[in-house]
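If you want the building blocks of each chain, they are given just below.
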Amino acid sequence: MITKEIQRAGFPVVQVTNLTKIAEGIGANRILKGNSVLHVFGDPALPAASEQSYREKRVEKALHMLELMPEDGQRALIEE
Amino acid sequence: MAKKKVVHYINQFYAGIGGESEASVGLSTMDGPVGPGLFLGENLGDDYEIVKTIICGDNTIAEQPDLIIPQVIDIVKGAEADLFVAGPGFNAGRYGLGCGNTTAAVTEELEIPAVTALYSENPGTDLYKNRCYILQSDNNAKNMKAVVKQIAVFAKRLVEGDNIADGKTEGYHGSGPAIKIDYSIPAAKRGIDMLLAKYYKKPFYTEVMMPNHEEIPIPTLDKPLSECKIAVVTDGGLVPKGNPDNQVPTNSKFYKRYSISGMDALKAEDWEVSHQGYNNAFVLADPNRLVPIDALNKMAAKGIIGSVNDAIYSTAGVMTPMEKCKEFGEGIAAELRNDGVDAVIETST
């Protein structure tokens, strides 16, 4: 709902979460699946340096999702 | 088989009495279908008969509902109606109030199938969408025929006792009529009965009100990403060390804006988590796993984005009512605008 009101105000928002179905159901319209509920933008299984580059890749992906233009009638852009 | 009796509610305009100048005419009835009722009758088919049309001026019903609604109920009751239909009212405000109010009153007081159709932004929609079936229509009365057909198909299913699913699936606003629960039957038995009914494809009604979320058009960037200022919003409950604002870990009452000015990354020693809905250990060890300020600053340095907002927004999204979240979202949006932010990453745990 927070995402939705920010979208309503006209800001592109990419919601990064593991609960993508809930986000979609509520009406978030750019959704990227996170690594885990416990660490959306992290992967503690990786060595620190690898986790850092993993995070950078995921953040970059999220940012590029902000650039996507929806097709006519498309209600949500989702990357699992 | 006796035909099903239908009572139809319309306003003075569709009854052919007149437009705005006649909007204060009182309540009247005519036998048989009138105006859009003719289409409705055709679409309902031979097993249905529109026995009465109730007509009321839009001003009259909007201004004096306490006087008019009981009279509508009496007429519908007197006609021994099996079905009540109002409108459709599209985006006509006072007509929409009339359609919603009469449909809700008939649903609740007479407990017979009742339905109307309105546009989402009609004021009648928000007021009555959780008390009766208001089908979703567009705002263009030119589509009368299509919408009347949609009403007829749905109305027949109501009369036949077909299972009606949630609003998103069925295309009605809100959650529809209030759910009746017989508390004299234990919850476990009600649950099993529902499951069996579902299994045998018999009608059943969930006791859980499903919020029906409206769709918002997808906002797009109005400048290249490389010029955009990006902010992070999280419902993962990240707060500065010591939780200076006493953010509660559940059922949040507010969100907070926290400065990250001058921070290349979030340091574990500066932050903690107030959120009882997930194991916080990984975020406590490295807050960037929730609010990736380190990576965002890298993106800014590389020129992929213009800049990173110097504040983050945080609350704990645990058992927080929808209405509260809506309020948070509105507040955050206003502050983001002040911050000059162009787009947002929101992280949810």
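These numbers come from a predicted model, not from an experiment. (Residues numbered from 1 in each chain as written. Chains lettered and ligands numbered in written order. Predicted model: local features only at pLDDT ≥ 70, side-chain atom pairs only at ≥ 80, totals over all residues.)

1. A look at the overall build of chain B
Point 1. Counting secondary structure elements, chain B contains 11 helices and 13 strands.
Point 2. Expressed as a percentage of its 349 residues, the buried residues of chain B come to 42%.
Point 3. Sequence separation of at least 24 residues holds for 76% of the intrachain contacts in chain B that already meet a minimum separation of 6. (Helix = DSSP H or I, 4+ residues; strand = E, 2+ residues; numbered from the N terminus. Buried ≥ 20, exposed ≤ 12 C-beta atoms within 10 Å, placed from the backbone. Contact = placed C-beta atoms within 7 Å.)

2. Here's the deal with the overall build of chain A
Point 1. Scanning chain A from N- to C-terminus turns up three helices and three strands.
Point 2. Put simply, of all contacts in chain A between residues at least 6 apart along the chain, 38% involve residues at least 24 apart.

3. Description of the packing of helix 3 (residues 65-78) of chain B against helix 4 (residues 93-110) of chain B
All names here are of chain B.
Point 1. Where helix 3 contacts helix 4, the axes come no closer than 10 Å and their chain directions differ by 55°. Our classification of the angle between helix 3 and helix 4 gives oblique. Remark: the crossing between helix 3 and helix 4 carries right-handed chirality. Listed contacts from helix 4 to P65, I69, V72, I73, V76 and K77 of helix 3 are N101, T102, A105, V106, E109 and L110. (Axes fitted to C-alpha atoms, helices over the stretch in contact; angles between N-to-C directions. Parallel < 35°, antiparallel > 145°, perpendicular 65-115°, else oblique. Left-handed = near helix turned anticlockwise from the far one by under 90°.)

4. Here's the deal with the pairing of strand 1 (residues 13-17) of chain A
Point 1. Counting buried residues along strand 1 of chain A, five of its five residues qualify, which places the element largely inside the surrounding structure.
Point 2. Going residue by residue along strand 1 of chain A, you find V13, Q15 and T17 of chain A tucked away on one face and V14 and V16 of chain A tucked away on the opposite face as well.
Point 3. For strand 1 of chain A and strand 13 (residues 343-348) of chain B, the ladder comprises five bridges, and the chain directions are parallel. The residue bridging V13 of chain A from the neighbouring strand is V344 of chain B, located in strand 13 of chain B.
Point 4. Running through helix 2 (residues 20-26) of chain A, the crossover from strand 1 of chain A to the neighbouring parallel element strand 2 (residues 30-33) of chain A is right-handed. (Pairing = 2+ DSSP bridges. Right-handed = clockwise from strand over helix to strand, strands pointing away.)

5. Examining the sheet that holds strand 6 (residues 133-137) of chain B
All names here are of chain B.
Point 1. Judged by pairing direction, the sheet is mixed, and its six strands sit side by side in the order 2-3-1-4-5-6 without closing on themselves. Two strands bound the open sheet, and with one partner strand each, they are strand 2 (28-31) and strand 6. Averaged over all pairs of adjacent strands, the angle between strand axes in this sheet comes to 25°, irrespective of strand direction.
Point 2. The pairing of strand 5 (residues 114-119) with strand 6 spans five bridges and is parallel. Paired with L118 across the bridge in strand 6 is Q136.
Point 3. Along the sheet, helix 3 makes contact with strand 1 (4-11), strand 2, strand 3 (48-56) and strand 4 (83-90), crossing strand 3 at roughly 160°.

6. Points about helix 11 (residues 322-339) of chain B
Point 1. For helix 11 of chain B, spanning 18 residues, the distance from its first C-alpha to its last is 25 Å, which sits close to the expected 26 Å at 1.5 Å a residue.
Point 2. Among all positions of helix 11 of chain B, only C325, F328, G329, I332, A333 and L336 of chain B are buried. Looking down the long axis of helix 11 of chain B, one finds its buried residues gathered within 135° of arc, a one-sided arrangement. Opposite its buried face, helix 11 of chain B presents the exposed residues E323, R337 and N338 of chain B, each directed more than 90 degrees away.
Point 3. On the buried face of helix 11 of chain B, the contacting elements are helix 1 (2-8) of chain A together with strand 7 (229-234), strand 12 (311-314) and strand 13 of chain B.
Point 4. Positive backbone phi, at 75°, marks G340 of chain B, one or two positions downstream of helix 11 of chain B. (Expected span 1.5 Å × (residues − 1). Arc of directions from axis to C-beta.)

7. Here's the deal with the interface of chain B and chain A
Point 1. Counting from both sides, the interface comprises 44 residues of chain B and, opposite them, 41 residues of chain A.
Point 2. Those elements that provide at least two residues to the side of chain B that touches chain A are strand 7, helix 9 (281-285), helix 10 (293-302), helix 11 and strand 13 of chain B.
Point 3. In terms of residue count, the dominant contributor to the side of chain B that touches chain A is helix 11 of chain B (nine residues).
Point 4. Per-class residue counts for the side of chain B that touches chain A are 27 nonpolar, eight polar and nine charged. (Nonpolar A, V, L, I, M, F, W, Y, C, P; charged D, E, K, R; others polar.)

8. A look at the environment of G19 of chain B
Point 1. In this structure, G19 of chain B sits in the loop between strand 1 and strand 2.
Point 2. Taking the C-alpha atoms as reference, G19 of chain B lies 9.2 Å from G57 of chain B; in sequence the two are 38 residues apart.

9. Comments concerning the confidence of the model for chain B
As a note on interpretation, predicted positions should not be read in detail where pLDDT is low.
Point 1. Averaged over every residue, the pLDDT of chain B is 93; residues scoring 70 or more account for 98%.
Point 2. Scoring the predicted complex yields pTM 0.61 and, for the interface, ipTM 0.95. (pLDDT = per-residue confidence, 0-100.)

10. Remarks on the packing of helix 1 (residues 36-44) of chain B against helix 6 (residues 144-160) of chain B
Residue and element names in this part refer to chain B.
Point 1. Running from amino to carboxyl end, helix 1 crosses helix 6 at an angle of 45°, the nearest separation of the two axes being 9 Å. The angle between the axes of helix 1 and helix 6 places the two elements in the oblique class. The handedness of the crossing between helix 1 and helix 6 is right-handed. Judged by residue contacts, P36, F39, L40, N43 and L44 of helix 1 engage M144, K145, V148, K149, I151, A152, A155 and K156 from helix 6.
Point 2. The residue makeup of the contact of helix 1 with helix 6, split by class, is nine nonpolar, one polar and three charged.

11. A closer look at the environment of K4 of chain B
All names here are of chain B.
Point 1. Secondary-structure assignment places K4 in strand 1.
Point 2. In sequence terms K4 and L83 are 79 residues apart; their C-alpha atoms lie 7.5 Å from each other.
Point 3. Leaving out residues up to four positions away in the same chain, K4 has contacts with D47, Y48, D82, L83 and V159.

12. Considering the pairing of strand 5 of chain B
Residue and element names in this part refer to chain B.
Point 1. Counting buried positions over the six residues of strand 5 gives six, a clear majority of the element.
Point 2. A two-sided burial pattern is seen for strand 5, the buried positions comprising A114, T116 and L118 on one face and V115, A117 and Y119 on the other.
Point 3. Summarising the sheet, strand 4 and strand 5 pair through four bridges and their orientation is parallel. When the bridges of strand 5 are listed, F84 appears paired with A114.

13. Notes on unusual backbone geometry
All names here are of chain B.
Point 1. Residue P88 is bonded to the preceding G87 through a cis peptide linkage, with omega at 10°.
Point 2. In this structure, P88 sits in strand 4.
Point 3. Although it is not a glycine, E111 sits at a positive phi angle of roughly 50°.
Point 4. Relative to the helices and strands, E111 resides in the loop between helix 4 and strand 5.
Point 5. When the 10 C-beta atoms within 10 Å are taken as the criterion, E111 is described as exposed.
Point 6. Its identity is not glycine, yet N251 carries a phi of approximately 50°, on the positive side.

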